[in-house]
Amino acid sequence: MRIRVLTVPDCPNAPVVEQRLTAALGEREAAVEFVEVTDAAQAERWGMTGSPTVLLDGVDPFAVSGAPASVSCRLYRDAEGRIAGAPSVADLRRALEDAGQPVAPVTETAAVEDVDVLDGRGRLAPT
């Protein structure tokens, strides 16, 4: 599976989505490619609807119907309706599993909590 993350330059949520992808993948090896998108033409070509956009084998599992290509920040809503700058670990795990990428089971000792954004800096949520 090819995992590609599209971001704008200096996107504060790029490290957050990277940490969450790592947590969602668990012990599985996967190459994650980060692509910096700098203009509307590139966003259109890649199918980026905001930064960060996660593509699994070229498909955005979090796509919103009718959302235009955009070189801007992107917001994600989780199952509880909370808004964040990147998909949650749980949402990424589901997307990876739906795309056919096996993920390691989460154990109590190995569980990694979601990473939230605070003033553009990633931090681990308290357990």
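Residues numbered from 1 in each chain as written. Predicted model: local features only at pLDDT ≥ 70, side-chain atom pairs only at ≥ 80, totals over all residues. Heavy atoms only, no water.

Caption draft 1: Quick peek at the sheet that holds strand 2 (residues 32-36). With mixed pairing, three strands are arranged side by side in an open sheet as 2-1-4. Across the chains shown, the open sheet's two edge strands, defined by having one partner strand only, are strand 2 and strand 4 (53-56). When strand polarity is set aside, the average angle formed by the axes of neighbouring strands in this sheet is 25°. Here five bridges tie strand 1 (residues 3-7) to strand 2, and the two strands are oriented parallel to one another. Residue pairing in the sheet places Leu6 in a bridge with Val35 of strand 2. Contacting strand 1, strand 2 and strand 4, helix 1 (residues 14-25) runs over the sheet at an angle of about 165° to strand 1. (Pairing = 2+ DSSP bridges. Helix = DSSP H or I, 4+ residues; strand = E, 2+ residues; numbered from the N terminus. Axes fitted to C-alpha atoms, helices over the stretch in contact; angles between N-to-C directions. Contact = heavy atoms within 4.5 Å.)

Caption draft 2: Focus on the environment of Tyr76. Looking at the element boundaries, Tyr76 is found in strand 6 (residues 76-77). Residue classification places Tyr76 among the buried positions, given a relative accessible area of 8%. When the C-alpha positions of Tyr76 and Ala63 are compared, they lie 9.9 Å apart, and in sequence the two are 13 residues distant. Within the structure, the side chain of Tyr76 is placed 3.3 Å from the side chain of Arg74, a separation counted as a polar contact. (Buried < 20%, exposed > 50% of the residue type's maximum accessible area, 1.4 Å probe, protein only. Polar contact = N/O pair within 3.5 Å; in protein donor to acceptor, adjacent residues only side chain to side chain.)

Purely geometric numbers; function is a separate question.
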